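The residues making up each chain are set out below.
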Amino acid sequence: MTRADTADAADTAGTAGTAAVAGIRRAVRVGLRPGPWKRGPVLAAPALLLGLALLLHARIPNRIGNFGSLVETFLPWLGLFVPVLLAGALWRRSASAVVALLLPVTVWLSLFGGLLGDRSHPGGDLTVASHNVGAANPDPAGTARALAASGADVLALEELTPQDRGTYEKGLAKAYPHHAVLGTVGLWSRLPLSNTRPVDIRTDAGPLARSRPADATTAENRALRTTVATDHGPLAVYVAHLGSARVNPRSGFWTDSRDRNAQALGEAVAAERNERVVLLGDLNGTMDDRAFDGITSQMHSVQDAAGDGFGFTWPASFPVARIDQILVRGVQPRSARVLPATGSDHLPVAAAVTW
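The structure presented is a predicted model; accordingly, all values stated were derived computationally and were not measured. Numbers given to residues run from 1 along each chain, matching the order in which its sequence is written. For this predicted model, a pLDDT threshold of at least 70 governs which residues receive local features, and a threshold of 80 or more governs which side-chain atom pairs are given and counted, while totals over whole chains, interfaces and linings are taken from all residues. Based on all heavy atoms of the structure, the side-chain values leave hydrogens and waters out of the count.

**Topic: the overall build of the protein chain**
Broken down by element type, the protein chain carries 14 helices and 14 strands. Each residue's exposure class comes from its accessible area (1.4 Å probe, protein chains only) as a fraction of the maximum for that residue type: buried when under 20%, exposed when over 50%, partly exposed otherwise. Buried positions account for 44% of the 355 residues belonging to the protein chain. Between two residues, a contact is recorded if the distance between any of their heavy atoms is within 4.5 Å. Pairs at least 24 apart in sequence give 72% of the contacts found in the protein chain among residues at least 6 apart. Split by element, the accessible area of the protein chain, about 17900 Å² in all, is 60% carbon and sulfur. Helix numbering and strand numbering both begin at the N terminus, where a helix is a DSSP run of H or I of at least 4 residues and a strand a DSSP run of E of at least 2. Methods summary: accessible areas were calculated by the Shrake-Rupley approach with a probe of 1.4 Å, and residue burial reflects only the protein chains presented.

**Regarding the pattern of salt bridges**
A side chain of one charge can pair with a side chain of the opposite charge if their charged atoms are brought near each other. What counts as a salt bridge is simple: a side-chain nitrogen of Lys or Arg found within 4 Å of a carboxyl oxygen of Asp or Glu. What the rule picks out here adds up to seven salt bridges. Put simply, Arg202 and Glu267 hold a salt bridge, and the shortest N to O gap is 3.4 Å. Note that Arg202 is positioned in the loop between strand E5 (193-198) and helix H10 (207-211) and Glu267 in helix H12 (residues 256-270), a separation of 65 residues in sequence. You can call Arg202 partly exposed: its relative accessible area is 29%.

**Regarding the environment of Gly243**
For Gly243, the location among the structural elements is in the loop between strand E7 (233-241) and strand E8 (246-248). Measuring from C-alpha to C-alpha, the distance between Gly243 and Asp256 comes to 8.2 Å, with 13 residues separating the pair along the chain. With residues near it in sequence (within four places) discarded, Gly243 still touches Arg222, Ser257, Arg258, Asn261 and Asn284.

**A short note on the sheet that holds strand E4 (residues 185-189)**
Here, a strand pair is defined by DSSP locating no fewer than two bridges between the strands. A sheet is described by the order of its strands in space; here six strands give the open sequence E3-E4-E2-E1-E14-E13, paired in mixed fashion. Edge positions in the sheet fall to strand E3 (178-182) and strand E13 (332-338), since each of these pairs with one other strand and no more. Across the sheet, the mean angle separating the axes of adjacent strands is 15 degrees when strand polarity is ignored. Bridge count for strand E1 (residues 126-132) against strand E2 (residues 154-158) is five bridges, and the pairing is parallel. When the sheet's bridge partners are listed, Ser130 is paired in E2 with Ala156. Inter-axis angles, ranging from 0 to 180 degrees, are taken between N-to-C directions of lines fitted to C-alpha atoms, where helices are fitted over the stretch in contact.

**Topic: the sheet that holds strand E6 (residues 223-230)**
Strand order in the open sheet made by the six strands is E5-E6-E7-E10-E12-E11, with mixed pairing throughout. Whereas interior strands pair on both sides, the edge strands pair on one side only; in this sheet they are E5 and strand E11 (300-301). Across the face of the sheet, H12 comes into contact with E7, strand E10 (277-282) and strand E12 (324-329) while running at roughly 175 degrees to E7.

**Quick notes on the nonpolar core**
By nonpolar core is meant a set of buried Ala, Val, Leu, Ile, Met, Phe, Trp, Tyr and Cys residues that side-chain atoms within 4.5 Å join together. Counting residues in each nonpolar core, the largest one holds 21 residues, and the members touching the most others are Val128, Leu187, Val237, Val278, Leu280 and Ile326. Secondary-structure elements contributing two or more residues to this core are E1, E2, E4, E6, E7, E10, E12 and strand E14 (349-354). With residues near it in sequence (within four places) discarded, Val128 still touches Ala152, Val154, Val278, Leu280, Ile326, Val349, Ala350 and Ala351.

What follows is the structure, encoded as structure tokens:
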């Protein structure tokens with residue numbers, strides 16, 4: 001290379017460097033202009049409020065219409081507001097709104113980012129499943145066949161009706177030689193069962209609870225506890241169907257009976273002497289809801305630990321919340337999944353656990 005070529009190259013490099021410096025200066029000047037930061041305060045404010053709602057959801061009061069529990073029931077869905085606000089921020093060219101959105105994005109990923117992937121592992125010593133079969137199920141026989149083919153070793157059913165109980169007993173008899181039904185909940189098992197008893201989850205309260213005949217209370221029992229004899233020792237299994245939750249325009253999010261049931265169920269599990277416990281059932285709530293703190297403080301969700309995605313189960317036609325739960329204590333979840341739809345308005349759930 002000649003001296004002339006070297007000089008030309010140096011000139012070219014110098015020109016490029018000068019252009020780069022000029023570009024950086026222009027970018028800095030644009031960023032420092034007040035316009036992009038002053039634009040979009042109407043978008044920045046809700047972005048910050050969204051982030052605070054996610055971050056402090058446990059502090060949202062329940063005094064008016066149980067609003068805090070309602071927010072927690074659908075907490076993951078608050079993330080849908082982020083792309084909406086981001087689109088508005090970009091359209092308005094609002095730097096302040098974009099920066100404000102970093103808060104809800106960060107908090108949402110902290111809360112739910114771990115649920116986006118597949119956390120399951122192969123293997124497992126025992127497979128358990130649970131299904132609210134639906135009192136209005138038009139095809140209980142088909143539901144029984146589908147559940148019998150699921151491969152579950154232990155199967156819990158909720159919302160059993162007197163007219164359909166025989167159909168489930170007949171359809172599941174070949175796959176499950178052992179079963180117990182108390183009121184509207186039941187457990188079918190390939191392994192022997194013992195010490196089956198109802199669990200008082202305070203379905204009735206006040207004078208009604210004291211005045212109801214015993215046979216009426218038994219017929220409407222919504223929770224049981226039994227022992228499954230496994231190769232690794234006894235496993236305590238609870239099956240529960242907690243009270244419904246309803247959204248009412250006048251009273252808000254009504255959860256009185258469900259919350260009372262959840263507290264009683266938590267107390268029953270806390271008193272359980274067996275170190276290995278599985279809870280199966282339709283709890284009519286998500287595990288983000290503060291109403292279940294008494295349960296989640298002692299047990300953990302198999303879906304959170306070993307599921308794939310969020311595992312929403314209700315309504316079956318378009319699931320938006322996981323209210324059908326499998327929780328464990330003393331055993332390790334290996335995998336968790338949502339089973340195909342049946343004639344019920346809930347989807348069945350299953351999990352493999354190991355010792």
